[in-house]
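Listed here are the chains, written in short residue letters.
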Amino acid sequence: MEIVGRRVVRDHMPDQHRDFYAKLPFIVLGSVDANGDSWATFLEGTPGFMNSPTRTTLEIAAWPDPTDPASVGMADGSALGLLGIEMHTRRRNRMNGLLRIAGNGFAVEVDQSFGNCPRYIQLRDFAFDRDPGRAFAGVVEDMSGLDSAAHAIIEAADAFFVASYVDREDRRQVDVSHRGGKAGFVRVAEDGTLTIPDFDGNLFFATLGNILLNGKAGLLFVDFTTGDMLQMTGDAEVLLESPEIAAFQGAERLWTFRARRIVRRRGALALRWTYTEDGRSPSSLMTGDWDHAADRLRAAELATRWRPLKVTKVVDESASIRSFHLQPDDGAGLLPHQAGQHLPIRVTLPGTDKPVLRTYTLSVAPSDGIYRISVKRDGVVSSHLHDFIRVGDIIEARAPAGEFTIDARATRPAVLLAGGVGVTPMLAMLRHIVYEGLRKQRIRPTVFFHAARSKQDRAFDRELAELVEAAQGAVKLVRVLSDASGAREGLDYDAPGRIDMTLLTRFLQFNDYEFYLCGPTQFTRALYDGLRVYNIADGRIHAEAFGPSSLKRTADVGAAAPANKPPSSNPVPVAFMNSLKEARWTPQSGTLLDLAEARGLSPEFSCRAGTCGTCKTKLLAGTVTYVNEPAAKIADDEILLCSAVPAELAGQDDNRIQLAL
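Since this is a predicted model, take the numbers as computed values, not measurements. (Residues numbered from 1 in each chain as written. Predicted model: local features only at pLDDT ≥ 70, side-chain atom pairs only at ≥ 80, totals over all residues. Heavy atoms only, no water.)

So, on to the state of the cysteines. Summed over all chains, the structure comprises zero disulfides. Free cysteine: cysteine 615, not disulfide-bonded; nearest cysteine sulfur from cysteine 642 at 3.6 Å. (Disulfide = S-S within 2.5 Å.)

Spelled out as structure tokens, the structure:
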């Protein structure tokens, strides 16, 4: 940002800023009083009350009312912050400098001038309710705390203004800025503390940087329909670590404010504003709210439990794939997932009294506000979902899990390779990439290869097309059909056959890509091996296979091979401590999951391939190894029963396995 700042933060006003100020009916001003407290206010006037005779001077033919607490910090030579903002066009820019008394107002000599992000400004038209030059004749309330009316204006606000400052070695710099979000994005605690989410913006951090350095701020809330002003000065703190940051959609950090002095001036402004039709800021609409955040925090407390999810919608995506939309039915919210993760569910099949566990990839992004599993009719449980589950039914689920995820903010182009129903995690990843890219104004370049047997078997055509359109050129879709009967090339599909290295070299230049693969085991394995032949680093290939075995990777040249002991060639005693049962494992026993089932235990599992992590179990004693290297993430004291067997120990070491099962 230092490099960017040297380019965009100027010591003068560009001509377009000078012209802009001359058109405005008000300007936001920040000042600092003799006690070191900052205040924000509005100065009003008929357009033209500001003019810029030189690139380094802005003249303002207005002065704050003496009852305005911001006026106290406006002596000759004082440092000021200014924000020019046009709410009916979402234009704004900032300037700070030194005040010089001049004529019937004052001038500001420019220290810093820079443009500003317009993304969280709600569109409002303005009109004068009275002559802006008329003195304020209302009542000034110096309040000891926030009353119900003050609570109401803050909790209904979708915008406010904040003044801050920093004392540098040679000068004081004051800043005043706009903050916007959904109505209610500022939370008021019982003790009056305000908590504000900070969203992605221009990354100048002028406000938060000042707060970080001196811990002071002045806030201004305006009732745009009545002209009431609520001004506060007090102490602020930036919060970089809090569970509420992840819970509040779109928040990248939080900050708090606690007022030491509050001034309310009813009807202080001559201006009034009205909402423009469809004037909500699109960027604000992409953020959450405090109720939603509280729901997510409650969901986090239930992360290890089975929870009831109600089916709210059922959609046939293709001839064989059906989607089930799910929402919590227990009063708590959805736990945010990562794009690409799967949802463990359990259902009881007709004629049985024991629930069956399966994992299905979530086909939505974390920002979508729902869970959606898209299930191919293939197997007993999948067929049960297709045949029996309807809107209003309950499916039990645990927290989403899995390590096959994507970073939407990475700059390296992504290549998503989906075979059949393997499209589900890829669709979630693409939804995440596009949403985060629009939110942060930079979409990660992505090429999406989507293979299906036929056009009838291909799911999500319209959804993918909409995502490609929304990405505005950042996403390319390549549709591949192995059976193109009745389909038109260039309209219904882009290439016949299957996704292989020949096809990839046709559409890719094989520069610096990161690859994501999901599909049947043979599909994933062939593409992985082909990419490795093309010298694509193992760490650049992220894969998830569905089928009887997990992907076997090859290490990069020079990379240390993973240390994996061979399976034991001798019998090993295994104790299931929670069940007070023992068994004797032999090389013919299979995995520890097989052994537990043979001993009459019923541990939870789903994939039996080391991918989903459902069978994760505490290892209390002993040493294990894996017949297939697990893809699911586990702690040092955990194992995956479905892939683990006792390890061969050197010398006279006696291996005795103890499991918390």
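Below, the discussion takes up helix 12 (residues 521-533). Helix length check: helix 12 (13 residues) gives 18 Å between terminal C-alpha atoms against 18 Å at 1.5 Å per residue, within 8%. For helix 12, the complete set of buried residues consists of Thr521, Phe523, Thr524, Leu527, Tyr528, Gly530, Leu531 and Arg532. Just downstream of helix 12 lies asparagine 535, where phi reads positive at about 65°. (Helix = DSSP H or I, 4+ residues; strand = E, 2+ residues; numbered from the N terminus. Expected span 1.5 Å × (residues − 1). Buried < 20%, exposed > 50% of the residue type's maximum accessible area, 1.4 Å probe, protein only.)

Another aspect to go through is the sheet that holds strand 18 (residues 307-316). Pairing in this open sheet of six strands is antiparallel, and the strands run 21-20-23-18-19-22 from one edge to the other. The strands lining the two open edges of the sheet, one partner per strand, are strand 21 (356-361) and strand 22 (371-376). On average, adjacent strands in this sheet sit at an angle of 40° to one another, irrespective of strand direction. (Pairing = 2+ DSSP bridges. Axes fitted to C-alpha atoms, helices over the stretch in contact; angles between N-to-C directions.)

In this section: the pattern of salt bridges. All told, the structure shown has 52 salt bridges when counted by the stated rule. Measuring nitrogen to oxygen at the nearest pair gives 3.0 Å for the salt bridge that ties aspartate 142 to arginine 261. You can see aspartate 142 sitting in strand 9 (residues 140-143) and its partner arginine 261 sitting in strand 16 (residues 251-265), a full 119 residues away along the chain. Residue classification places arginine 261 among the partly exposed positions, given a relative accessible area of 34%. A salt bridge links arginine 409 to glutamate 252; the nearest nitrogen and oxygen atoms lie 3.3 Å apart. Of this pair, arginine 409 sits in the loop between strand 23 (394-397) and strand 24 (414-419) while glutamate 252 sits in strand 16; the two residues are 157 residues apart in sequence, bridging distant segments of the chain. Judged by relative accessible area, glutamate 252 falls into the buried class, the value being 17%. In the salt-bridge network here, residues are joined through shared partners; they are Arg119, Arg179, Asp198, Asp200, Glu252, Arg253, Arg409, Glu436, Arg439 and Lys440. (Salt bridge = Lys/Arg side-chain N within 4 Å of Asp/Glu carboxyl O.)

With that out of the way, let us pick up the pairing of strand 18. Pairing geometry for strand 18 and strand 23, over four bridges, is antiparallel. Bridging across to strand 23, lysine 310 finds its partner in isoleucine 394. Across seven bridges, strand 18 lies against strand 19 (residues 321-328) in antiparallel orientation. Within strand 19, the position partnered with aspartate 316 by the bridge is arginine 322. Hairpin geometry of strand 18 and strand 19 is characterised by an intervening segment of four residues between the two adjacent antiparallel strands.

Further remarks concern the side chain of arginine 130. Mapped onto the fold, arginine 130 is located in the loop between strand 8 (124-128) and strand 9. We note that arginine 130 is buried and unpaired, the nearest opposite charge coming from aspartate 129 at a distance of 4.9 Å. Of note is the side chain of arginine 130, whose polar atom sits 3.1 Å from the backbone oxygen of alanine 268. Within polar-contact distance, the side chain of arginine 130 engages the backbone oxygen of leucine 269 at 3.4 Å. In this structure arginine 130 touches Gly267, Ala268, Leu269, Ala270 and Arg272, once residues within four positions along its chain are discounted. (Lys, Arg positive; Asp, Glu negative; His and termini not counted. Polar contact = N/O pair within 3.5 Å; in protein donor to acceptor, adjacent residues only side chain to side chain. Contact = heavy atoms within 4.5 Å.)

Mapped onto the fold, histidine 342 is located in strand 20 (residues 342-347). We classify histidine 342 as buried; its relative accessible area is 3%. A distance of 2.9 Å separates the side chain of histidine 342 from the backbone oxygen of cysteine 612, its partner in a polar contact. In contact with histidine 342, other than residues within four places in its own chain, are Thr359, Tyr360, Thr361, Leu362, Pro400, Ala401, Gly402, Glu544, Thr611 and Cys612.

What follows covers the sheet that holds strand 2 (residues 38-44). The sheet built from seven strands is open, its strands ordered 2-1-5-6-7-4-3 with antiparallel pairing. Looking at strand neighbours, the two that pair on one side only are strand 2 and strand 3 (50-54), the edges of this open sheet. Between one strand axis and the next, the sheet turns by 35° as a mean value, whatever way the strands run.

Considering all chains together, one arrives at 19 aromatic pairs under this definition. With 6.1 Å between their ring centres and 45° between their planes, phenylalanine 160 and tryptophan 255 make a pair best called tilted. In this pair, phenylalanine 160 sits in strand 10 (residues 159-167) while tryptophan 255 sits in strand 16, placing the two residues 95 residues apart along the sequence. Taken individually, phenylalanine 160 and tryptophan 255 each receive the classification buried, so the pair is uniform in this respect. Both rings, one in phenylalanine 199 and one in phenylalanine 248, keep their centres 6.1 Å apart while their planes meet at 35°; by these two values the pair is tilted. Of this pair, phenylalanine 199 sits in strand 13 (residues 194-199) while phenylalanine 248 sits in the loop between helix 5 (243-247) and strand 16, placing them 49 residues apart in sequence. Accessibility classification places phenylalanine 199 together with phenylalanine 248 in one group, the buried group. Members of the aromatic cluster, connected to one another through ring pairs, are Phe26, Phe42, Phe161, Phe224 and Trp273. Its end group placed over the ring of tryptophan 290, arginine 187 keeps NZ or CZ at 4.0 Å from the ring centre. (Phe/Tyr/Trp six-rings, centres within 6.5 Å; stacked < 30°, edge-to-face > 60°. Lys NZ or Arg CZ within 6 Å of the ring centre and 35° of its normal.)

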